[in-house]
Amino acid sequence: HLSGFCRKLTGIKQAWVDHGLPLSDVLPMFHAWLTSCGLLSGGRSFAIVCDGPWDMRDFLDGNCRLLNVPKAPYLDSWVSLGFLFAEFYGRRPKPMAKRLHKRGLTFEGGAHSGIADARNIARVVIRMLTDGCQFRLNDAMPSVSSIQSQPSASAPAMTRLTAHAPVFTQSAGGAAAGLDRRAA
């Protein structure tokens, strides 16, 4: 059962957890969605965008390891939006609400809400694309050594990402609320 602390922090309701899908079901559904969008074939590129490294490294990978759920290799590298934002705009990494404010946007939704985090991350991504940022993979699991902090000929190409491209975002709240609710 969800603790009172978790319910208060995230706004997650016990009924959502009780009716949620296990991670072992959600990841294949996500893979099927990527396939239906044509992102896993035909040389198209995409990236997982998250707020910081802990979302994919600690929450997703940690849950996959804990629950012994296999994970596709494309989930081992991602765009850490906080790092890219700081680099692109020449600022130290800031919390999401401050990043939005610096771009003339307001934080929408509740703090630590997975869906609110995902929507706010998408809004920052769209703004950065509009401002000319070229997205590239900039973080990875420690076992993945091909990610580079600067674009180069060998860096995964993300330059064709546009404001209309499908963007999947993962946030700390999303990990607790949407990926494996039974483990929360």
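Residues numbered from 1 in each chain as written. Predicted model: local features only at pLDDT ≥ 70, side-chain atom pairs only at ≥ 80, totals over all residues. Heavy atoms only, no water.

**Describing the overall build of the protein**
Of regular secondary structure, the protein possesses 8 helices and 4 strands. Element order for the protein, N to C, with α for helix and β for strand: α-α-α-β-α-β-α-α-α-β-β-α. The 184 residues of the protein split such that 43% are buried. Put simply, 69% of the contacts in the protein that link residues at least 6 apart link residues at least 24 apart. (Helix = DSSP H or I, 4+ residues; strand = E, 2+ residues; numbered from the N terminus. Buried < 20%, exposed > 50% of the residue type's maximum accessible area, 1.4 Å probe, protein only. Contact = heavy atoms within 4.5 Å.)

**Topic: the nonpolar core**
Counting residues in hydrophobic clusters, the biggest one holds 17 residues, and the most contacted among them are Val79, Leu81, Val124, Val125, Met128 and Phe135. Taken together, the elements giving at least two residues each to this core come down to helix 5 (81-89), helix 6 (96-102) and helix 7 (114-130). Of the residues forming this core, the biggest block, 5 residues, is contributed by helix 7. Ranked by size, the runner-up nonpolar core spans 16 residues in total, among them Leu34, Leu39, Phe46 and Met141. (Core = buried A, V, L, I, M, F, W, Y, C linked by side-chain atoms within 4.5 Å.)

**Things to note about the environment of Gly82**
For Gly82, the location among the structural elements is in helix 5. Residue class for Gly82 comes out buried when judged on its relative accessible area of 5%. Spatially, the C-alpha atom of Gly82 lies 5.6 Å from that of Asp51, the residues being 31 residues apart in sequence.

**Brief notes about the packing of helix 5 against helix 7**
The contact between helix 5 and helix 7 brings their axes to 12 Å, and the two run at 30 degrees. Put simply, helix 5 runs roughly parallel to helix 7. Between helix 5 and helix 7 lies a crossing of left-handed hand. Residues Leu81, Leu84, Phe85, Phe88 and Tyr89 of helix 5 form the contact with helix 7, whose participating residues are Ile121, Val124, Val125, Arg127 and Met128. Its residues placed into classes, the contact of helix 5 with helix 7 shows 9 nonpolar, no polar and 1 charged. (Axes fitted to C-alpha atoms, helices over the stretch in contact; angles between N-to-C directions. Parallel < 35°, antiparallel > 145°, perpendicular 65-115°, else oblique. Left-handed = near helix turned anticlockwise from the far one by under 90°. Nonpolar A, V, L, I, M, F, W, Y, C, P; charged D, E, K, R; others polar.)

**A short note on the environment of Asp25**
Topologically, Asp25 is positioned in helix 3 (residues 23-36). Between the C-alpha atoms of Asp25 and Val69, which are 44 residues apart in sequence, the distance is 9.4 Å.

**Looking at the packing of aromatic side chains**
This structure, assessed with the given rule, holds 5 aromatic pairs. Aromatic side chains Phe30 and Trp33 sit 6.0 Å apart centroid to centroid with 20 degrees between the ring planes, which places their arrangement in the stacked category. Linking Phe30 with Trp33, this pair stays in helix 3, spanning 3 residues, or about one helical turn. Given the relative accessible area of 10%, Phe30 is considered buried. (Phe/Tyr/Trp six-rings, centres within 6.5 Å; stacked < 30°, edge-to-face > 60°.)

**Thoughts on the pairing of strand 2 (residues 77-80)**
What you see with strand 2 is no split at all: Ser77 and Val79 on one side and Trp78 and Ser80 on the other are buried throughout. Note that strand 1 (residues 48-50) and strand 2 share 2 bridges and pair parallel. Paired with Cys50 across the strands is Ser80, a residue of strand 2. After leaving strand 1, the chain enters helix 4 (residues 53-67) and then returns to the sheet as strand 2, a path that is right-handed. Note: strand 2 against strand 3 (residues 139-140), 2 bridges, orientation antiparallel. Across the sheet, residue Trp78 finds its bridge partner in strand 3, namely Asp139. (Pairing = 2+ DSSP bridges. Right-handed = clockwise from strand over helix to strand, strands pointing away.)

**A few points about unusual backbone geometry**
In this structure, Asn68 is a non-glycine residue whose phi angle is positive, near 55 degrees. Tracing the sequence through the fold places Asn68 in the loop between helix 4 and strand 2. Even without being glycine, His112 reaches a positive phi, approximately 65 degrees. Relative to the assigned elements, His112 resides in the loop between helix 6 and helix 7.

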